[in-house]
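Residue strings, one per chain:
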Amino acid sequence: MKIKVISSTDRPGSMARKVSDHVAELYQKEGADAEVICLRDFPLLDVVGGKYGKEIPSVEAFNAKVLEADGLVFVIPEYNGSFPGILKVFIDYLPFPEAFEKMPMAFIGEAAGAFGALRSVEQFQMIANYRNALQFPERVFIQRVHKNFSEEEGLTDEFARSLLDSQVENFIKFIDSVKDKDLSQLSN
Ligand SMILES: Cc1cc2nc3c(=O)[nH]c(=O)nc-3n(C[C@H](O)[C@H](O)[C@H](O)COP(=O)(O)O)c2cc1C
């Protein structure tokens, strides 16, 4: 089972990347083939000027690694009460409409503030909804991320840790339950 953890910002040294590395490790421990895809590596310079609908080899190569996934885990920080702009740029350069059609997705929010990127995740879920993704209902929000997460220990808050463990365990089951199934009757 291929799981891609999308570190959803291009900010150097982001907490999103640190959380994503930790989450990928948790999935690997459960036997999944998990890797982090960091939006810092999105070939932004190649899309400057608005290359929508054009063939851009660097973007296609980046997207291919995402689209081969059986499930995606988005780790999303809060920027100005929303998700980072690079995440929307990335979405706008994915193949339309098929990219996220019936793609299992799970969500983790993380922020310096007290709401743990709840707003960012819910705004992003509106897009996931529009693109017909299969959204896993157990979400995790990491508030005060600098205090509640460390690279050495992972989540330091016991309740948040139990939510993340549960998300990992059950998202794998969720993917298994829909993988290779004919879900055409679910179309809008
Ligand atoms: C452009 C920008 C806007 C931000 N806006 C918010 C915000 O609205 N709410 C919040 O709690 N934190 C905000 N932060 C702080 C982030 O939550 C903080 O950087 C945290 O570490 C998560 O982001 P990271 O994954 O980039 O590290 C902002 C950070 C940046 C760079």
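These numbers were taken from a predicted model, which means no experiment stands behind them.

1. Quick word on the overall build of the chain
Scanning the chain for helices and strands turns up 6 helices and 8 strands. Moving toward the C terminus, one meets the helices and strands of the chain in the order β-α-β-α-β-α-β-α-β-β-α-β-β-α. Here the chain has a C-alpha radius of gyration of 16 Å; the compact-globule value for 188 residues is 16 Å, and the two agree. When its C-alpha atoms are laid out on the principal axes, the chain stretches across 45 × 40 × 25 Å. Within the chain, contacts between residues at least 6 apart in sequence are counted, and of these 75% link residues at least 24 apart.

2. As for helix H1 (residues 15-29)
Across its 15 residues, H1 extends 21 Å between first and last C-alpha, which sits within 8% of the 21 Å expected from 1.5 Å per residue. Among all positions in H1, only Met15, Ala16, Arg17, Val19, Ser20, His22, Val23, Ala24 and Tyr27 are buried. Backbone geometry just downstream of H1 places Gly31 in the positive-phi region, at approximately 95°.

3. Focus on the site of the ligand
If you check the shell around the ligand, you find 15 residues, and the closest are Ser14, Met15, Ala16, Pro77 and Gly113. Its residues assigned to classes, the shell around the ligand shows 7 nonpolar, 5 polar and 3 charged.

4. Considerations on the nonpolar core
Membership of the largest hydrophobic core comes to 47 residues, with the highest contact counts inside it found for Val5, Val73, Phe74, Val75, Ile76 and Ile108. Non-local contacts of Val75, meaning those with residues more than four positions away in its chain, are made with Val5, Ile6, Ser7, Ser8, Ala16, Val19, Ser20, Val23, Ile108 and Glu110.

5. Looking at the environment of Thr9
Here Thr9 shows up in the loop between strand S1 (2-7) and H1. Between the C-alpha atom of Thr9 and that of Ile86, which follows or precedes it by 77 residues, the distance is 6.2 Å.

6. Re unusual backbone geometry
Negative phi values dominate among residues other than glycine, just as trans dominates among peptide bonds. Following Phe96, the chain continues to Pro97 via a peptide bond in cis, the omega torsion being 0°. Counting through the fold element by element, Pro97 comes out in the loop between helix H3 (85-92) and strand S4 (104-110). Here Asn80, not a glycine, exhibits a phi torsion of approximately 50°, which is positive. With respect to the helices, strands and loops of the structure, Asn80 is situated in the loop between strand S3 (71-77) and H3. With a phi angle near 60°, Lys102 is a residue other than glycine that sits in the positive phi range. Of note, Lys102 is situated in the loop between H3 and S4. Using a count of 14 C-beta atoms within 10 Å as the deciding quantity, one classes Lys102 as partly exposed.

7. Re the pairing of strand S2 (residues 33-38)
Judged from the 6 bridges that link them, S1 and S2 form a sheet pairing that is parallel. Across the sheet, residue Val5 finds its bridge partner in S2, namely Val36.

8. A closer look at the pairing of S4
By the criterion of burial, S4 is predominantly enclosed, with 7 of the 7 residues buried. Taking every second residue as pointing to the same face, both faces of S4 are buried, with Pro104, Ala106, Ile108 and Glu110 on one and Met105, Phe107 and Gly109 on the other. In the sheet, S3 pairs with S4 via 6 bridges, with the strands oriented parallel. Among the inter-strand pairings, Val75 is bridged to a residue of S4, identified as Ile108.

About the cut-offs
- One numbering rule holds for all chains: residues counted from 1, following each sequence as written.
- Owing to the predicted nature of the model, reporting of local features is limited to residues with pLDDT of at least 70; listing and counting of side-chain atom pairs is limited to 80 or more, with chain, interface and lining totals taken over all residues.
- Runs of E in the DSSP output that reach at least two residues are strands. Runs of H or I that reach at least four are helices, and both are numbered from the N terminus.
- C-alpha atoms define the radius of gyration in this analysis, and the globule rule sets the expected value at 2.2 Å times the number of residues to the power 0.38.
- Think of it this way: build a C-beta for each residue from its backbone, and any pair within 7 Å is a contact.
- Under the convention used throughout, the expected extent of a helix is 1.5 Å for every residue step, that is, one less than its residue count.
- Working definition of burial: number of other C-beta atoms within 10 Å of the residue's own, with buried at 20 or more, exposed at 12 or fewer, and partly exposed in between, all C-beta atoms being placed from the backbone.
- Put plainly, near means the residue's C-beta atom, positioned from the backbone, lies within 6 Å of the molecule or strand in question.
- Asp, Glu, Lys and Arg are counted as charged, while Ala, Val, Leu, Ile, Met, Phe, Trp, Tyr, Cys and Pro are counted as nonpolar; the rest, among them Gly, fall into the polar class.
- A set of buried Ala, Val, Leu, Ile, Met, Phe, Trp, Tyr and Cys residues, joined to one another through C-beta atoms within 7 Å, is what we call a nonpolar core.
- Two strands pair if DSSP finds at least two bridges between them.

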